[in-house]
Amino acid sequence: MSKTTVIVGTGTCGLIAGARGVMDAVREETAKRGLDTNLFGSGCIGMSSHEPIMSVALPGRTRVMYEGVQGEMVADILAHQIDKGTPHPNHVFCQMREHADDVAYEGIPYYDDLPYAKKQVRVVLRNCGHINPEDIDHYTAREGYEAAKKALFMTPEAVINVVKQSGIRGRGGGGFPTGIKWDFCRKVEADQKYFICNADEGDPGAFMDRCVLEGDPHSVLEGMLIGGFAIGATIGYIYVRAEYPLAIQRLNIAISQAREKGFLGKNIFGSGFDFDILIKEGAGAFVCGEETALMASIEGLRGMPRPKPPFPAQKGLWGKPTVINNVETLANLNPIFLNGAEWYAAMGTEKSKGTKVFALTGKIQNTGLVEVPMGITLREIIYDIGGGIPDGKEFKAVQTGGPSGGCLPASFLDTPVDYESLIAAGGMMGSGGMVVMDETTCMIDMARFFLDFSQNESCGKCVPCRIGTKRMLETLEKICNRRGKPGDVEMLIELGTDVCNTSLCGLGQTAPNPVLSTIRHFKHEYDQVIEKKVCQYETCPGYKKPAPAGAAAKTKETAPA
Amino acid sequence: MECGCEIDLSQTELIVAPYRNKPYALIPVLQKVQATYGYLPKEAVSIIARRMNIYESRVYGVATFYAQFRLQPKGENTIKVCVGTACHVKGSGRISEELQKSLGIKPGETTEDRKFSLEHVACVGACGLAPIILVNDDVYGKLAVEDTLAKLEKYK
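Residues numbered from 1 in each chain as written. Chains lettered and ligands numbered in written order. Predicted model: local features only at pLDDT ≥ 70, side-chain atom pairs only at ≥ 80, totals over all residues. Heavy atoms only, no water.

Enquirer: So, the overall build of chain A: which residues are in play, and what are the values?
Expert: Each helix and strand counted, chain A has 22 helices and 14 strands in total. Here the C-alpha atoms of chain A give a radius of gyration of 25 Å, agreeing with the 24 Å that 2.2 N^0.38 yields for 561 residues. Projected onto its principal axes, the C-alpha positions of chain A cover 80 × 65 × 40 Å. Looking at chain A residue by residue over its 561 residues, the buried ones come to 60%. Contacts in chain A between residues far apart in sequence, at least 24 positions, make up 71% of those at least 6 positions apart. (Helix = DSSP H or I, 4+ residues; strand = E, 2+ residues; numbered from the N terminus. Rg over C-alpha atoms; globule rule 2.2 N^0.38 Å. Buried < 20%, exposed > 50% of the residue type's maximum accessible area, 1.4 Å probe, protein only. Contact = heavy atoms within 4.5 Å.)

Put into structure tokens, the structure is as follows:
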């Protein structure tokens, strides 16, 4: 490449941190210098806490990445790297080889050698941060649509076999084997079938799918194309949250570019297969991530789940056989078809194959997205990749699986991350939110936070979820406000177990998990607040800074009502 | 009408025209109507129901089910408090309480002078800057509770 390339991270995380100002400054500065530059915005490379990230690659040299860049720093950074030939020392944090013969700079670590990157394996996020998501040529230059080209000339049965052999399971949280789901739907006779991409990522603290949609939308379209062909669908829908305007915008651009190239539409690649994709914007309802509720929403109804069976693969959208796959699942398909099912199945554990993307947030040094092979331990993710807990604080717990998941204490740090192990430990894979808590975090408040979310989002159709979560939340609030009484914890366990066992859909069946898991691992905190009416954790709503010595003795212990 | 302003209902007619008798398109129609007026005016809802051939009650059923739809106009400035997990862990709850106390409204409500609307939003995707609030398009990250109210001054 003979031009200087400048890449600015323009995912939502980059834009909010000021990436637009950086883009403008680069444009202005390069115009001033009369420098012909290849400037583009890329999706998030995963290091959200380092945004805005700007990379500068001179012809024949490695790509140098700068963190925390603001518009006013751009001129100085470019002057250093272009005129002096050395990266600006203040903001540089790594370099990266985009081509094998790129000449490196001395004394700057390689991206792949950073502790953050070392243990990661990028399959789903292979293109995020490297390509311009608004330019289909960037995607095809990295083997984009090659997998679809291959799959569309196989038989649908052979395509399904590849997916089955890869062992990939649904990444939305349920973990159902994707190939088997496709096979069910393939075998149902119907005049019309639908293929839906579930991009209604709603867990508070999860943003994996958003980064894929913003950073590499074509990989999702390609996955849908392959899936649609395998089951015999001609229409695909992407159900995406309205709260992701940038993702919607980039998907729209991607779809129209794919149509122009003939990758969507009639007789794709001359294979005789027709397929087109439409976007359906959600309207703000977490329960619409549940597949039957999602379909009701596409049909223009209140997004409420219905009992299964019939499964969507038999009777789905408008009563027709339908497959619903998550964004991350679909983004895996291109590499599976190009590298082979065996390559994919070689990663991960016996029952959980491949990689998983997690959104690592909370009290953690490196907030952002990480993609790891299944089977890695929580400790490796939190300490090696995440950089541990900031401010010298102690690790207390990690919540996996968002509002459906559970809180795991330090004694579970060596749990391997796969579907079965996490459930056995009382957590859950979920869609991939991972929230780290330090010693100042009140676990009861954490449980209350997640339950408050689920209770708010309960659609109200079935009684256990509608009323059960409400009663549980009231009890938790009472405990948080120092009005808990003996027996409350036992009641929470009994009611929580009933809600899990009797709710209609996944939302209710998992909503009590944060409460049950915190009781399981941190019961002493509940007991203390109920009996002694004190909580020493700063995030507790009733927390007061410890009074000077002597005052503590005045705290009255109120007898239970 | 709540705001005392005139509503140009011909806009609603234009939006709904391609979807006559197509009830499945209700959500996109409501989204477009809300994008036009900033909320769903009562008069517009009746037109939508009549043209799409569905009961008004069903339109309200859908409009009140989804968090995105508003039946009241919004304030001049919208304050969004991120209550995603990362922000919660870093204290967004206290920031919201401070705002609620000072503005005298709850999340989802608008002040009487229509200056401010307060909203809770799930993760805005800037966890590295938590806790974070947005006032219109302006971002205030790594916000301390005691600095929150000062940020509103320039919008008053």
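Enquirer: I'd like a description of the domain arrangement of chain A, backed by residues and values.
Expert: The domain architecture assigned to chain A consists of domain 1 (5–113), domain 2 (136–343), domain 3 (355–438) and domain 4 (443–532). Computed over C-alpha atoms, the centres of domain 1 of chain A and domain 4 of chain A are 47 Å apart. (Domains from an automatic or database assignment.)

Enquirer: Before we move on, can you summarise the sheet that holds strand β12 (residues 395–400) of chain A with the specific residues and values?
Expert: All names here are of chain A. Reading across from one edge, β11-β10-β14-β12-β13 is the order of the five strands in this open sheet, with mixed pairing throughout. Looking along the sheet, the strands with just one partner apiece sit at the ends: β11 (368–373) and β13 (406–409). Each strand of the sheet is rotated relative to its neighbour by a mean of 30°, with strand direction disregarded. Where strand β10 (residues 355–362) lies against β11, six bridges are found, and the strand directions are antiparallel. Of the residues in β11, the one forming a bridge with A359 is L369. (Pairing = 2+ DSSP bridges. Axes fitted to C-alpha atoms, helices over the stretch in contact; angles between N-to-C directions.)

Enquirer: I'd like to hear about the pattern of salt bridges, residue by residue, with values.
Expert: For the structure shown, the criterion picks out 38 salt bridges over all chains. Between A:D83 and A:R33 there is a salt bridge whose closest N-O contact spans 2.9 Å. Of this pair, A:D83 sits in helix α3 (residues 74–84) while A:R33 sits in helix α2 (residues 19–33); the two residues are 50 residues apart in sequence, bridging distant segments of the chain. Across the salt bridge formed by B:E76 and B:K115, the nearest N and O atoms sit 3.3 Å from each other. Within this pair, whereas B:E76 is found in the loop between α4 (56–65) and β1 (77–82), its partner B:K115 is found in the loop between α6 (92–103) and β2 (116–121), the two being separated by 39 residues in sequence. According to the relative accessible area criterion, B:E76 is exposed, its value standing at 54%. Taken together, the shared-partner salt bridges in this structure form one network comprising A:E29, A:K32, A:R33 and A:D83. (Salt bridge = Lys/Arg side-chain N within 4 Å of Asp/Glu carboxyl O.)

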